[in-house]
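Residues per chain, in single letters:
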Amino acid sequence: MARFETEVAGTRLVLVQGDITQQEVEAIVNAANPDLTPGGGVSGAIHRAGGPAVTAAAARIRQERGPLPTGAAVITPGGNLPARYVIHTVGPVWRGGTHHEPELLAQAYRSCLSLAVQQGLRTLAFPSISTGAYGYPIEQAAEVALRTVRDFLRENPGQLEEVRFVLFSAADFRAYRAAWARVQGV
Ligand code: ADP
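Residues numbered from 1 in each chain as written. Predicted model: local features only at pLDDT ≥ 70, side-chain atom pairs only at ≥ 80, totals over all residues. Heavy atoms only, no water.

## Notes on the packing of aromatic side chains
Next up, step 1: A full pass over the atoms with the stated rule returns five aromatic pairs.
Next up, step 2: Between the aromatic rings of Phe 165 and Tyr 176, the centroid separation amounts to 5.4 Å while the plane-to-plane angle is 40°, which identifies the pairing as tilted. One end of the pair, Phe 165, is in strand β7 (residues 162-167); the other, Tyr 176, is in helix α5 (residues 170-184), with eleven residues separating them in the sequence.
Next up, step 3: Assessed through its relative accessible area of 0%, Tyr 176 is described here as buried.
Next up, step 4: Taking NZ or CZ as reference, Arg 177 lies 3.8 Å from the ring centre of Phe 4, over its face. (Phe/Tyr/Trp six-rings, centres within 6.5 Å; stacked < 30°, edge-to-face > 60°. Helix = DSSP H or I, 4+ residues; strand = E, 2+ residues; numbered from the N terminus. Buried < 20%, exposed > 50% of the residue type's maximum accessible area, 1.4 Å probe, protein only. Lys NZ or Arg CZ within 6 Å of the ring centre and 35° of its normal.)

Below, the structure is given as C-alpha cells:
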C-alpha cells in the first residue's frame, strides 16, 4: 500500500492508502452528516465497525445539541474500533465553490485538530472530508486539507505526534501526494 511520510514542526504527517476503521491511532475523524446518523460512505463504515457505542453516543449528542453545524466537531468513544475515540465533523457540500466551501472545509479540519489537542490526544487520522457524497473536487479539497493541517501544526508545535490522512483509493492517495507537493512550495 502506498505511503508517504514527512514532518511538520515536530509532528509526523503521513499519507497512506487504506481503511480508516482499521487505523491504530488515538482518534479517527468521521466525515459525518449534521444529524450524526450512520449514513453511508466513511461514516457508515465507522459506525458499523465501532458498533452501538459510537452510534448511541452520537445520537445522544444530536439530541442534546441539535444538528452539528458545518465546520464544527464533537467527540465520542470509538467502541469496537482500534481507535479509542471518533471525532465527528461535518464538511461542506460542494455547491460550485462560491459558497465558502474552502473556508468551511478548513474550519472542519481545524475543529478536529483543536478538539484532539484539547483532549490531550497525540495521534489522529483523517479521511478525505467532503470528497465523496458531498462532491468536493479532490484536488482542491486535498490542498485545503493539507494546508490547514500544516498551518495548524506550525501554530501548535509539539502538540501532536502524528496526523495521518487515510485515503481510500490509489487515485485519492495520488491526489493528496500531488497536493502536498503544491502546498509545500508555498
Ligand atoms: P462526504 O459526505 O464528506 O463526502 P463520504 O463518506 O461520502 O463523505 O466520502 C469521503 C471520503 O471517504 C471519500 O473519498 C470516500 O472514498 C472515503 N471513504 C469511504 N470509506 C472509507 C473508509 N473506510 N476509510 C477511508 N476512507 C473512506
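Having seen the model, we can carry on.
## As for the sheet that holds strand β6 (residues 123-126)
Next up, step 1: Spatially, β1-β2-β7-β6-β3-β5-β4 is the arrangement adopted by the seven strands of the open sheet, whose pairing is mixed. At either margin of the open sheet sits one strand with a lone partner, and together these are β1 (3-8) and β4 (73-77). Taken pair by pair, the neighbouring strands of this sheet meet at an average axis angle of 20°, ignoring direction.
Next up, step 2: Note that strand β3 (residues 27-31) and β6 share two bridges and pair parallel. Bridging across to β6, Ile 28 finds its partner in Ala 125.
Next up, step 3: The sheet contacts of helix α1 (residues 41-50) involve β3 and β5 (85-89), and relative to β3 the element is tilted by about 135°.
Next up, step 4: Across the face of the sheet, α5 comes into contact with β1, β2 (11-17) and β7 while running at roughly 145° to β2. (Pairing = 2+ DSSP bridges. Axes fitted to C-alpha atoms, helices over the stretch in contact; angles between N-to-C directions. Contact = heavy atoms within 4.5 Å.)

## With respect to the packing of helix α3 (residues 101-118) against helix α4 (residues 138-155)
Next up, step 1: At their nearest, the axes of α3 and α4 sit 9 Å apart, and the two run at 40° to each other. Classed by the angle they form, the pair α3 and α4 counts as oblique. Between α3 and α4 the crossing geometry is right-handed. Mapping the contact onto sequence places Pro 102, Leu 105, Ala 106, Tyr 109, Arg 110, Leu 113, Ser 114 and Val 117 in α3 and Ala 141, Val 144, Ala 145, Thr 148, Val 149 and Phe 152 in α4.
Next up, step 2: Along the lines of polarity and charge, the residues of the contact of α3 with α4 split into eleven nonpolar, two polar and one charged. (Parallel < 35°, antiparallel > 145°, perpendicular 65-115°, else oblique. Left-handed = near helix turned anticlockwise from the far one by under 90°. Nonpolar A, V, L, I, M, F, W, Y, C, P; charged D, E, K, R; others polar.)

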